Structure formats: C-alpha cells, structure tokens
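Here is what each chain is made of, one letter per residue.
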Amino acid sequence: MQLAVIGLGRMGGNIVRRLTRAGHECVVFDQNAATVKSLVGDRVQGGNDLADLVKKLAKPRAVWVMLPAGEITENTVNQLGTLLERGDTIIDGGNAFFQDDVRRAKAMKQKGIHYVDCGTSGGVWGLERGYCLMIGGEKEVVDRLDPIFATLAPGEGKIDKTPHREKRDPRVERGYLYCGPAGSGRFVKMVHNGIEYGIMQAYAEGFEIMQKAAAKEVPEERRYKLDLADIAEVWRRGSVISSWLLDLTAMSLAEDPALAKYSGVVEDSGEGRWTVNAAIEEAVPADVLSAALFARFRSRDKEGTANKLLSAMRHAFGGHVEPK
C-alpha cells in the first residue's frame, strides 16, 4: 500500500523504514528538510510541504500523522482537512488526548474524510521489534488499512499461545487490536501508559531500596552492598516480575551501574495525567497510577537512584532525553 507519513522523529522515521522494507510505498514530510532527504530513496518520496505530499498520493489517500500532542498535531490535522478529499483517511499515531480524537473525527466526518486514532507503542525499538497498535475509528476503514497495521505490528514471534483464544480475533496475537469507535484506540493506549508509569515506579523504588541497604543508617550486620545490574539480570530470567521494562533496566545498569549520566529529573508526557483524570471521572480508585504520576512531579526537585532509573528506562525504550 501507499502511505504518507508526517513527522519523522524517533518513531516516525522508523515507521517509514519498517513499511518500505516490507514493500509498501511512502511519501514523507517533516519540518526538517534534511530528515526528509535522509529517507528519500527506493519506495520513499519526499514532499516539499503538506500540499505537495497530498498531490503525490493515489486516491483514496491515507496520511499517518506522527507528531507530538498539542498545537502542532491540531494544526496539521486541520490543514489536512482542507487538502484531502472525501474518502481519504487521516491516521493519528502520536500521543494525543483521546477526547481530541473524538472531536477531530466528528469534524473530519463532516468533510467526508475518515479519521483513525492509533495508539502506538514500541518507542525507538519499533523498527526491529514492531509496534503494538491500539486502533479506533470506523471498522471498515481500519480493515481496509489492515496491510499497514499488519506490517507495523510485531507479529506472533516466540510468545506462547494463550489458552482458550481459538475463536477470538487472530490479529490481536500479532500485536494489533481494533478497539472500537473514534478515540477508543487512544483511550486504551492512554491507560497503557498510565500502567507503564506504575510499573516503572515500582521497579525504580525497589532498586533504590536495595541500593540504600548499604547506607550507614542501616545496622552494620544488615548492610548489604548489592549489585543492582546482576539483580536486574537474574530477575529477567524466570522471575514472575520479568518484563521488557526490566530488560531495559538491566541493560541500563550494566552499561552505567551508577547511572551517572542521569540527573533523575523525570518528565511526564501527558498520558499519566489523562489516565488519572479518567479514573476520577469514572470513580475508579487508581492509587498506584496516581502515586507514580505524583512521583514524577516530585522528581523535579529531588535526585536519587529511583528517579535516575526512571530516566534511564524512559531513555532506553523511547529515546526520551532529560530536560536541560
């Protein structure tokens, strides 16, 4: 299939590479002309601007927007709404707020333009590992775009089959899911990221407890100088708390046991706040997720192993750089 991709940052560029490796064709645009030029080649055309990008697409057009949440995405979608035609599709794959997707889908529907929201998880590793996709929009439109989603998804890999799934959608086992109408995909991804906050915080606090077991405040006979890198490694192998985040923790600690290159200032990109707000609206107790979000706020005034490890994990999976 042919797909336009707008925004060629940490994930957008790799989405183009993964698609074109599988034989799809892409037309790309980014505000950084050098980034566009670096991708142009076999099966990749560059657009000089959004209008030029749209002209290079065959109908019905499909345009994937991979930009930060907020004004830049809002402006891009609005501009595409003036350039695309009835039957074309906008796919927003960034980390936007799900209620914005509901509003944008409604606005685009009035123009006859389809709108698909796609929660995209995979970070800087997605080129090789694939992207876990949570998709919302009109089902027939999502089904038509299935070759794109199937290529971006990780595939079944070596993960064991879950019992009793014989009559369920097999695409889920390949790493992508149609969640429902507009906004539902992003809602699921929002909660996914809220859970991510909680898991990361639990690892970070646990490792700091072990790191401080050697502190002078601890009675001498119970002071333990523990090797955190080795603990992370052994937990990866058969432990009930093994996960990809633990894999990344082990990698970060093996490379830099003191986490010297991290200050411990941990940003939040919005999804944690949105998840907690949704919990409040639904009257769902979300003690762990709320505490993890507030811990990120507190990190901006405090250094420590836990916060440094959170920074290391964010950098490892998503390429997130600490603020200066």
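Note that the structure is predicted; figures quoted are calculated from it, not measured. (Residues numbered from 1 in each chain as written. Predicted model: local features only at pLDDT ≥ 70, side-chain atom pairs only at ≥ 80, totals over all residues. Heavy atoms only, no water.)

K.L.:
I'd like to hear about the overall build of the protein chain, residue by residue, with values.
P.N.:
Helix and strand content of the protein chain: 14 helices and 8 strands. Taking 324 residues into account, the globule formula puts the C-alpha radius of gyration at 20 Å, and the protein chain, at 21 Å, falls close to it. Dimensions of the protein chain, computed from the C-alpha atoms along their principal axes, are close to 75 × 45 × 40 Å. The buried share of the protein chain, reckoned over its 324 residues, is 50%. Considering only contacts in the protein chain between residues 6 or more positions apart, those separated by 24 or more positions represent 69%. Summing over all exposed atoms, the protein chain offers an accessible surface of approximately 16,500 Å²; the carbon and sulfur share of this is 54%. Once the 44 positive and 44 negative side-chain charges of the protein chain are each reduced to a mean point, those two points are 2 Å apart. (Helix = DSSP H or I, 4+ residues; strand = E, 2+ residues; numbered from the N terminus. Rg over C-alpha atoms; globule rule 2.2 N^0.38 Å. Buried < 20%, exposed > 50% of the residue type's maximum accessible area, 1.4 Å probe, protein only. Contact = heavy atoms within 4.5 Å. Areas by Shrake-Rupley, 256 points an atom, 1.4 Å probe, with all protein chains shown as cover. Lys, Arg positive; Asp, Glu negative; His and termini not counted. Charge placed at Lys NZ, Arg CZ, Asp CG, Glu CD.)

K.L.:
So, the nonpolar core: which residues are in play, and what are the values?
P.N.:
Within soluble globular proteins, side chains that are nonpolar generally end up buried alongside one another. Of all hydrophobic cores here, the largest spans 29 residues; its most connected members are Trp64 and Phe149. When residues no more than four places from it in sequence are discounted, the contact partners of Phe149 are Trp64, Val116, Cys118, Leu133, Ile135, Val142 and Tyr176. Membership of the second largest hydrophobic core comes to 24 residues, among which are Ala204, Leu245, Leu309 and Ala316. (Core = buried A, V, L, I, M, F, W, Y, C linked by side-chain atoms within 4.5 Å.)

K.L.:
Could you give me a rundown of the pattern of salt bridges, with the residues and numbers involved?
P.N.:
Within this structure, the stated rule accounts for 25 salt bridges. Notably, a salt bridge pairs Arg103 with Glu74, separated by 2.8 Å at the nearest N-O pair. Linking Arg103 in helix α5 (residues 98-109) with Glu74 in helix α4 (residues 71-83), this pair joins segments that are 29 residues apart in sequence. Among the salt bridges present, the one from Glu173 reaches Lys161, with a minimum N-O distance of 3.2 Å. Taken as a pair, Glu173 in the loop between α8 (146-152) and β8 (176-180) and Lys161 in the loop between α8 and β8 lie far apart in primary sequence, 12 residues in all. (Salt bridge = Lys/Arg side-chain N within 4 Å of Asp/Glu carboxyl O.)

K.L.:
Provide a residue-level description of the pairing of strand β4 (residues 62-65), including the pertinent values.
P.N.:
Both faces of β4 are covered, namely the face carrying Ala62 and Trp64 and the face carrying Val63 and Val65. Bridge count for strand β1 (residues 2-6) against β4 is 3 bridges, and the pairing is parallel. Opposite Ala4, over in β4, you have Val63 as the bridge partner. Sheet topology places β4 next to strand β5 (residues 89-92); 4 bridges connect them, and they run parallel. Paired with Trp64 across the bridge in β5 is Ile91. Handedness of the β-α-β unit built from β4, α4 and β5 comes out right-handed. (Pairing = 2+ DSSP bridges. Right-handed = clockwise from strand over helix to strand, strands pointing away.)

K.L.:
Tell me about the environment of Val102, residues and numbers included.
P.N.:
Position of Val102 among the secondary structure elements: in helix α5. When the C-alpha atoms of Val102 and Leu152 are compared, they prove to be 24 Å apart, with 50 residues separating the residues in sequence. Aside from chain neighbours lying at most four places away, what touches Val102 is Ala182 and Gly183.

K.L.:
Describe in detail the packing of helix α12 (residues 271-282) against helix α13 (residues 287-299), supporting the description with residues and values.
P.N.:
The geometry of α12 relative to α13 is characterised by a closest axis approach of 10 Å and an angle of 145 degrees between their N-to-C directions. The interaxial crossing formed by α12 with α13 has left-handed handedness. Across the interface between the two elements, Gly272, Arg273, Thr275 and Val276 of α12 pack against Leu289, Ser290, Leu293 and Phe297 of α13. For the contact of α12 with α13, a count of residues per class yields 4 nonpolar, 3 polar and 1 charged. (Axes fitted to C-alpha atoms, helices over the stretch in contact; angles between N-to-C directions. Left-handed = near helix turned anticlockwise from the far one by under 90°. Nonpolar A, V, L, I, M, F, W, Y, C, P; charged D, E, K, R; others polar.)

K.L.:
Just give me the short version of empty space enclosed by the protein, but keep the residues and values in it.
P.N.:
Taken as a whole and assessed by the stated rule, the structure comprises 2 cavities of 30 Å³ or more. As a volume, the largest cavity reaches approximately 40 Å³. Considering the residues around the largest cavity, the lining is formed by Ile135, Val142, Asp146, Asp169, Arg171, Tyr176, Leu177 and Tyr178. Element by element, the count of residues in the lining of the largest cavity is highest for β8, at 3 residues. The calculated volume of the second largest cavity comes to roughly 30 Å³. (1 Å grid on protein atoms, 1.4 Å probe; cavity = no way out; pocket = protein on both sides within 12 Å on 5 of 7 lines; lining within 4 Å. Points joined across faces, edges and corners; volume = space filled by probe spheres on them.)

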